[in-house]
Amino acid sequence: MVICTGGEPLLQLDEKLCAAFHAVGFEIAVETNGTQPRCPGIDWLCVSPKANAPLQVAEGDELKLVFPQPGVDPQRFVGLAFKHFFLQPMDGDDVAANTVAATEYCLKHPQWRLGLQLHKILGLR
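Residues numbered from 1 in each chain as written. Predicted model: local features only at pLDDT ≥ 70, side-chain atom pairs only at ≥ 80, totals over all residues. Heavy atoms only, no water.

1. A short note on the pattern of salt bridges
For side chains of opposite charge, pairing can occur when their charged atoms come near one another. Inspection of every chain in the model, using the stated rule, returns 3 salt bridges. For Lys64, the salt bridge identified is with Glu31, shortest N-O distance 2.8 Å. A residue pair is termed long-range when its members are at least 10 positions apart, and Lys64 in strand β4 (residues 59–67) and Glu31 in strand β2 (residues 28–32) qualify at 33 residues. (Salt bridge = Lys/Arg side-chain N within 4 Å of Asp/Glu carboxyl O. Helix = DSSP H or I, 4+ residues; strand = E, 2+ residues; numbered from the N terminus.)

Okay, structure coming up:
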């Protein structure tokens, strides 16, 4: 599997590159902020929207939202065609409080599941 992430991978990834990866046996996973249209050939698409950024991708495998994120209400995304919805506690000085807030939100809104960055919890930054 090839995982394309960092910056905005959909600025470089196109149908021709996806076909080249598939031709040598790779599946393609992408994590995007969703501001660029999805190209054909992606096998797993994770969209992580940012506040005030235009969302061009309304369907995929997972939607991962940093929470709480000023200017972003998770309810804005519930009608989109994603298979999985994750809230990821915002990192930083308030990570403990953000984890509690994300957990409570997920318990009240079961469409959302808690997504944790295990490498940060284990101190493997």
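2. So, the nonpolar core
Counting 24 residues, the largest nonpolar core has Leu13, Val30, Ile42, Leu63, Leu65, Leu87 and Trp112 as its most contacted members. For this core, the elements supplying multiple residues, two or more each, are β1 (2–4), β2, β3 (44–47), β4, β5 (81–89) and α2 (95–108). Apart from the residues within four sequence positions on either side, Ile42 is in contact with Leu10, Leu13, Cys18, Ile28 and Val30. (Core = buried A, V, L, I, M, F, W, Y, C linked by side-chain atoms within 4.5 Å. Buried < 20%, exposed > 50% of the residue type's maximum accessible area, 1.4 Å probe, protein only. Contact = heavy atoms within 4.5 Å.)

3. Brief notes about the packing of aromatic side chains
Evaluation of the coordinates by the stated rule reveals 4 aromatic pairs. Here the aromatic rings of Phe21 and Phe26 are separated by 6.3 Å at their centres, their planes lie at 85°, and the arrangement is edge-to-face. Among the residues examined, Phe26 registers a relative accessible area of 35% and is labelled partly exposed. Note on Phe67 and Tyr105: the rings are 5.3 Å apart at their centroids and 50° apart in plane angle, and the pair reads as tilted. Of the two residues, Phe67 sits in strand β4 while Tyr105 sits in helix α2, which places them 38 residues apart along the sequence. Overall, Phe67 belongs to the buried group, its relative accessible area being 11%. Overall, the relative accessible area of 13% leaves Tyr105 in the buried class. (Phe/Tyr/Trp six-rings, centres within 6.5 Å; stacked < 30°, edge-to-face > 60°.)

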